[in-house]
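# Summary of the model geometry
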Amino acid sequence: MHEKRFNGGADRLRSPERVERLEIDRVVEACLPGDLSSVLDIGTGTGLFAEAFARRGLSVAAVDANREMVDATRTLVPGVDVRLATAEELPFDDASFDLVFLGLVFHETDAPEKAISEAFRVARRRIAILEWPFRTQEMGPPLAHRVSMRQIKQLLETVYREADRRFETHSFHHVVLYRVDCPRSA
């Protein structure tokens with residue numbers, strides 16, 4: 001179980017090469033159109049995106065399934081509410097966050113439909129899923145662990161049938177952002 005979860009050290013997640021490939025500021029900008037004030041960063045790792053959202057003035061909470069990552073985020077990104085939890089079981093009330101962000105973690109979930117359902121449950125306005133493109137690359141998980149745009153759209157539509165009308169894709173050099181507005185924002 002959990003064979004797809006990242007098991008490298010926290011330092012690997014903040015390597016300069018990886019940080020450059022993630023285009024963090026561009027990704028965060030693509031997540032934020034509209035008046036958003038809070039974000040949940042699911043699978044925060046060492047808090048790279050949590051830190052970027054906080055720099056934008058958002059109230060940030062974060063979860064990760066790995067205790068080492070939770071501890072690293074607490075150290076590296078003070079002021080963020082960081083908890084040990086999985087994407088499939090979020091310890092927050094319904095509609096707690098304007099934005100729910102899953103940054104390079106969706107391909108690691110054990111129950112993708114449950115993870116999407118939980119994201120919709122705690123989101124007020126928007127869900128954003130950042131993933132590796134569905135192609136072989138030198139960085140990121142093997143192709144067998146990656147998730148295609150078609151798979152993500154189908155899962156979103158399973159949970160929220162209007163997702164197709166509210167679905168946007170933003171392609172960057174090494175990652176792809178899928179964004180959907182939630183029912184509560186209509």
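The structure under discussion appears in the preceding block.
Source: prediction; values computed, not measured. (Residues numbered from 1 in each chain as written. Predicted model: local features only at pLDDT ≥ 70, side-chain atom pairs only at ≥ 80, totals over all residues. Heavy atoms only, no water.)

On to helix α4 (residues 48–55), then. When we look at burial in α4, the residues that qualify are L48, F49, A50, A52 and F53. Backbone geometry just after α4 places G57 at a positive phi near 90°. (Buried < 20%, exposed > 50% of the residue type's maximum accessible area, 1.4 Å probe, protein only. Helix = DSSP H or I, 4+ residues; strand = E, 2+ residues; numbered from the N terminus.)

Let us now look at the pairing of strand β3 (residues 81–84). With four bridges connecting them, strand β2 (residues 59–64) and β3 associate as parallel partners. Counterpart to V63 in the pairing with β3 is R83. For the crossover from β2 across helix α5 (residues 67–76) to β3, the handedness is right-handed. (Pairing = 2+ DSSP bridges. Right-handed = clockwise from strand over helix to strand, strands pointing away.)

Let us look at helix α6 (residues 112–122). Because each turn of an α-helix spans 3.6 residues, side chains separated by three or four positions in sequence point in the same direction. Looking at α6, one finds that the buried residues are A115, I116, E118, A119, F120 and V122. The elements touched by buried residues of α6 are β1 (38–42), β4 (97–103), β5 (123–131), α7 (149–159) and β7 (176–181). (Contact = heavy atoms within 4.5 Å.)

It is worth spelling out unusual backbone geometry at this point. Unlike most non-glycine residues, E23 shows phi in positive territory, near 45°. Relative to the assigned elements, E23 resides in the loop between α2 (16–22) and α3 (24–31). Accessibility expressed as a relative area gives 14% for E23, which makes it buried.

It is worth spelling out the sheet that holds β2 at this point. Within the open sheet, the seven strands sit side by side as β3-β2-β1-β4-β5-β7-β6. Their pairing is mixed. Unpaired on one side and paired on the other, β3 and β6 (167–171) mark the two borders of the sheet. Ignoring which end each strand starts from, the neighbouring axes of this sheet average 20° apart. Here β4 runs beside β5; their pairing, made up of six bridges, is parallel. Opposite F101, over in β5, you have A128 as the bridge partner. Sheet contacts for α5: β2 and β3; angle to β3, the most-contacted strand, approximately 170°. (Axes fitted to C-alpha atoms, helices over the stretch in contact; angles between N-to-C directions.)

Below, the discussion takes up the pattern of salt bridges. Close approach of charged atoms allows side chains with opposite charge to pair. In this structure the tally under the stated criterion is twelve salt bridges. The closest approach of N and O atoms between D98 and R124, which form a salt bridge, is 3.0 Å. Here D98, found in strand β4, pairs with R124, found in strand β5; they are 26 residues apart in sequence, far enough to count as distant. Under the relative-accessibility criterion, D98 is labelled buried at 6%. Exposure remark for R124: the relative accessible area of 29% places this residue in the partly exposed category. Here the salt bridges do not stand alone but share partners, grouping D94, K114, E118 and R121 into one network. (Salt bridge = Lys/Arg side-chain N within 4 Å of Asp/Glu carboxyl O.)

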